[in-house]
Every structure is written in C-alpha cells, then in structure tokens.
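# Secondary and tertiary structure notes
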Amino acid sequence: MRAAKETTRARVMGGVRLFLVGLSLFAIVPAARAAAVLDDALHQLQQRRLTSGVSEPLTVIVETGLPAVAADALRRHAFTPRLAVDGRFELQVEAARLSAFAAALPVGSLIRPSFPHEADVVSQGVPLTGAGDMHTLEANGAGVRIGIIDLGFASLAAAQSAGELPAALTVSDYTGLGTGGTNHGTQVAQIVHDMAPQAQLHLAKVATDVQLQQAVSDMIMAGVQVINHSVSWYGAAFYDNTGPICNSVDTAAASGIQWVNSAGNDRLRHYLGAFEDGNGNLRHEFTNGQDYNTVSLGANANLRLVLNWDAYPSTSVLRSVSLQW
C-alpha cells in the first residue's frame, strides 16, 4: 500500500486534482499543460474498465470557457463531440490519442471522466402512501407527462408485456450503448406507473452529466411536467446547490418542471466539515487533535472514496491524500 500512497501524493503535488473511486484515480487536469499526466491517470481508469469488461474508447468531458474555440480545435484534429451543452463537451477518445486530444484544447480547459454516480434504492409506494385512494378519485396522472432519467432500462419489454408498464411510452438512449444495462430505471418507471397509471412516461438513459443536461433539455421540449431522477452523483460540486448536476435541476425548474430526486441513501456514508488544523501540521483534524479518520472493512470489501472541497474543481489549491492499510 506504501507504493500506492506515494504515487497518489506525487500526482496530487504534480498538479492533478484527484478523487478516488475504489482506488482508481479520476483526474481533472488543465488540458493544455498536463497531457502526459492525463495519459497516465486515465490509463489507470482505462485498465480498471478493461478488467470489468468495459472496453475502449474512454468517455471524457471537456469543460472550457471558450466553447466555440474548443469546438473548432477539436474538429480540426478530427475529434467529434457526441454532445455539447453549457460549455461542456462529451467525447469518446482512444487512449492512444489522449495526448493529441489534450494538446488540441485551449488553455484553461479541464478534462475529466464523468462524475461517479449510482442508482439509489427504490421501494413500492402505492400501499405505503395510500395512493390507491387518490386513484378512486380519478387523480391518476391523466394528462401529465413524467420523465424518468436513469442509468438503464433492462427488461423494459418484459415489463410492458407483463402489464407493469404501458405499451405506449417514449424511451431515449443518450449513452450510445442502448437502453439496457441495469434494470433500475425500469423498476423506477414501474413505481411511477403504479402511482400515476394514466401518465405519459418519457424514459431517458444517461451516464454522464452532459447526457443528463441534454436529456433535461429534450424533456423540456417534449412538454414533460415532472422529472424523477433516482440517482446519486458524487464529486460534481461541494453539495451547496452549485455545479453541473444542480444546474440541470435548475434548468428544469426554470421551465416549470417538478423535479423529484432520491435522497438519504448515503446519510451514514459521508463526512462534511470545515478544515481544522489546531496544531499547525497542515493536516485536517476530524476531531480535536485527531488528524485521521477510520473506516472499518470486512474481508473482500470494496472501498470507494470521493474527495472534494469548497473550491473544487476549478481551484489551483492542491490537496494531498494518504491511505494506510
């Protein structure tokens, strides 16, 4: 573990801002001056994806204050964005072309993978809420368009055949990988259909924050009135109502859409605090005089750490990370 610890420190001090997910490194780097580091950090991400059965190319997000300049530069170097929203570009890049990709962007651009995210727990709602009583009063969602933005809709056709979902619904894939994968979105759609059986459903599969924004924009155009998003995103901002995920919610709300989001799944799995350093050793004190925190793991447990701070991700202030087993 010492080698991994020192490697992490070297990359942080070298100018790369990191958040750790299951001990794989996700890099957010200044594109014009960090091509070599980007190669190295995203190569680790690529290798992790390969071992999990997901192959190249890598999906990366470019954030830039000069979207027109960046778009022109990317086209000239034969890089074609899949999606472009709010100064963010989503592209798929072969690992061998990462250096050329970084060099093509204007100074000040940032390159990153998608923020980590996961589907949240869902449960049956009609008997728990007494919604059946509302159905008898004909409050059943008739005339309402409901959008469900999720991470996958596997077994969708089977749910429709079984009568768990209506035959007439709209489903869109923004990932380019098809609407399957996890069946979490299908389960969420079934709950929504149970609660509002006469509503028109619009389903959208996303995997990045850029795809999320595009799905929201398309649902606005389609006249959707309610959006459900039972997904948690990590590291996108400092949990202060800012950042690209919150911007997507604000976009929907500004168009009169009621946004419904899962909450509470990670209540006991996070830490938030102001930096304290009473003894001046430049290490955060989680409690008075204790500059470390402990996580207990069982055998063969998986660990995911997502680290950020209030100036993240555009800050020039760097933070180092130490892990000890």
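Scroll up a little and you will see the structure.
Residues numbered from 1 in each chain as written. Predicted model: local features only at pLDDT ≥ 70, side-chain atom pairs only at ≥ 80, totals over all residues. Heavy atoms only, no water.

## So, the overall build of the protein
A tally of regular secondary structure across the protein gives ten helices and 13 strands. Evaluated residue by residue, the protein yields a buried proportion of 42% over its 325 residues. For the protein, restricting intrachain contacts to residue pairs at least 6 apart in sequence, the fraction spanning at least 24 positions comes to 76%. Of the roughly 16,700 Å² of accessible surface on the protein, 52% is carried by carbon and sulfur atoms. (Helix = DSSP H or I, 4+ residues; strand = E, 2+ residues; numbered from the N terminus. Buried < 20%, exposed > 50% of the residue type's maximum accessible area, 1.4 Å probe, protein only. Contact = heavy atoms within 4.5 Å. Areas by Shrake-Rupley, 256 points an atom, 1.4 Å probe, with all protein chains shown as cover.)

## With respect to unusual backbone geometry
Within the chain, Asp86 stands out as a residue other than glycine whose phi angle is a positive 50°. Secondary-structure assignment places Asp86 in the loop between strand S4 (83-85) and strand S5 (88-93). Overall, the relative accessible area of 58% leaves Asp86 in the exposed class. Phi at Glu138 is positive, roughly 65°, even though this residue is not glycine.

## Regarding the pairing of strand S8 (residues 145-150)
Among the six residues that make up S8, five are buried, leaving the element largely enclosed by the rest of the structure. Pairing of S8 with strand S10 (residues 200-205), which is carried by six bridges, proceeds in the parallel orientation. Looking across to S10, one finds that Gly147 is bridged to His202. In this structure, S8 lies alongside strand S11 (residues 226-229), joined through three bridges in parallel fashion. Residue pairing in the sheet places Ile146 in a bridge with Val226 of S11. (Pairing = 2+ DSSP bridges.)

None of this, on its own, says anything about what the molecule does.
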